Amino acid sequence: MRLRDINRIILVLLVAVGFAACDETDEVGEFDNWQARNVAYVDSIARIATSNVDGTWKKFLAYGLVDTVKWDNQYYVYCKVLESGEGSEMPKYTDIVKVNYRGHLIPTSNYPDGRVFDQSYEGDLDPETDVPTSLSLAGCVRGWTTAVCEMVKGDVWRVYVPSELGYGATDQSAVPAHSTLVFDINLVDFSKMGSSAY
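Below is a short write-up of the structure. Just so it is clear, the structure is predicted and the values come from calculations on it, not from any experiment.

Each value, and the rule that gives it
Residues numbered from 1 in each chain as written. Predicted model: local features only at pLDDT ≥ 70, side-chain atom pairs only at ≥ 80, totals over all residues. Heavy atoms only, no water. Helix = DSSP H or I, 4+ residues; strand = E, 2+ residues; numbered from the N terminus. Expected span 1.5 Å × (residues − 1). Contact = heavy atoms within 4.5 Å. Core = buried A, V, L, I, M, F, W, Y, C linked by side-chain atoms within 4.5 Å. Buried < 20%, exposed > 50% of the residue type's maximum accessible area, 1.4 Å probe, protein only. Pairing = 2+ DSSP bridges. Phe/Tyr/Trp six-rings, centres within 6.5 Å; stacked < 30°, edge-to-face > 60°. Lys NZ or Arg CZ within 6 Å of the ring centre and 35° of its normal.

The next point concerns helix α2 (residues 34-51). For an α-helix the count is 3.6 residues per turn, leaving residues at separations of three or four pointing the same way. For α2, spanning 18 residues, the distance from its first C-alpha to its last is 26 Å, which sits close to the expected 26 Å at 1.5 Å a residue. Those residues of α2 that are buried are in contact with β1 (57-61), β2 (76-83) and β6 (156-161). One or two positions beyond α2, positive phi appears at Asn52, with a value near 45°.

For the rest of this paragraph, the subject is the nonpolar core. The biggest cluster of nonpolar side chains holds 40 residues, and the ones touching the most others in it are Tyr78, Trp144, Val159, Phe183 and Ile185. Breaking this core down by element, the ones donating at least two residues are α2, β1, β2, β3 (95-104), α3 (142-148), β6 and β7 (181-192). Broken down by element, the residue count for this core peaks at six residues, all from β7. Discounting chain neighbours no more than four positions away, the residues touching Phe183 are Tyr101, Arg102, Gly103, Phe117, Trp144, Trp157, Arg158, Val159 and Val161.

A few words now on the pairing of β6. For β6, the tally of buried residues reaches five of six residues, placing the bulk of the element in the interior. Inspection of the sheet shows β2 paired to β6 by five bridges, in the antiparallel sense. Each bridged residue has a counterpart across the sheet, and for Cys79 the counterpart in β6 is Val159.

Attention now moves to the packing of aromatic side chains. Enumeration over the complete set of coordinates arrives at nine aromatic pairs. Here Trp144 and Phe183 contribute two aromatic rings whose centre-to-centre distance is 6.3 Å and whose plane-to-plane angle is 80°, an arrangement assigned as edge-to-face. Of this pair, Trp144 sits in helix α3 while Phe183 sits in strand β7; the two residues are 39 residues apart in sequence, bridging distant segments of the chain. A relative accessible area of 7% places Phe183 in the buried class. Ring pairs connect the aromatic residues Tyr101, Phe117, Trp144 and Phe183, which therefore count as one cluster. Positioned over the ring face of Tyr76 is Lys59, at 4.5 Å from the centre of the ring.

Written out as C-alpha cells, the structure is:
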C-alpha cells in the first residue's frame, strides 16, 4: 500500500469521525432552549387568539391582575372553544369543579402533539362515559383557574397557560421549568366549597 493511499484512508476516517461528532453535538435535545421556545409558542398563540379569525378564541387576563396595566402575552390565558355548553353561570374561584381534562406540553420533535403530563381520561374525550375529577379551583395553577372561571357547564376548551401562570421557573415531576401548559378541559359541573354535592 502506497503512502498516498494510506493518507486517503486516514482522510476518509477523519472526515467520517468529524461528521459523527457534528451529528452528536448539533442534535437538539427535547428541552434545549426550552424557555425561549415556550415564549415564542405563546406569542404565536396570542397572535392567533387576538386575531380570532374564526370567532372561536377567547383571551383572559390572569385572575387577580388589573387591566389598567399593560401586560405582555405571558399574563394572559388563551382559549380555543372546541364545544360550547349551555347556561350563563360560571364557577367562582372558591368553587369545586368536576372536570374531564388532559394536560400536555408544547409540541416537540419527539411529541408532535405535546408530551402528556396529566389526564383524567384515556383516549378521546367522551363526556357521556368519562368519569370527571373533582378539584378545588383555588388549588389549581392560576392560568387554569382563570380559564375555568370563564366556562359554563358543558364547555370543552383547549386552554393555553403560559409558564408565568403555570409553574413558572419551578420544575415539577413531569413538567420542566418555563413550560407552557396546554389543557383540554370539559367543565361538567361545579358547586360551592363545602357543598354536600361533592
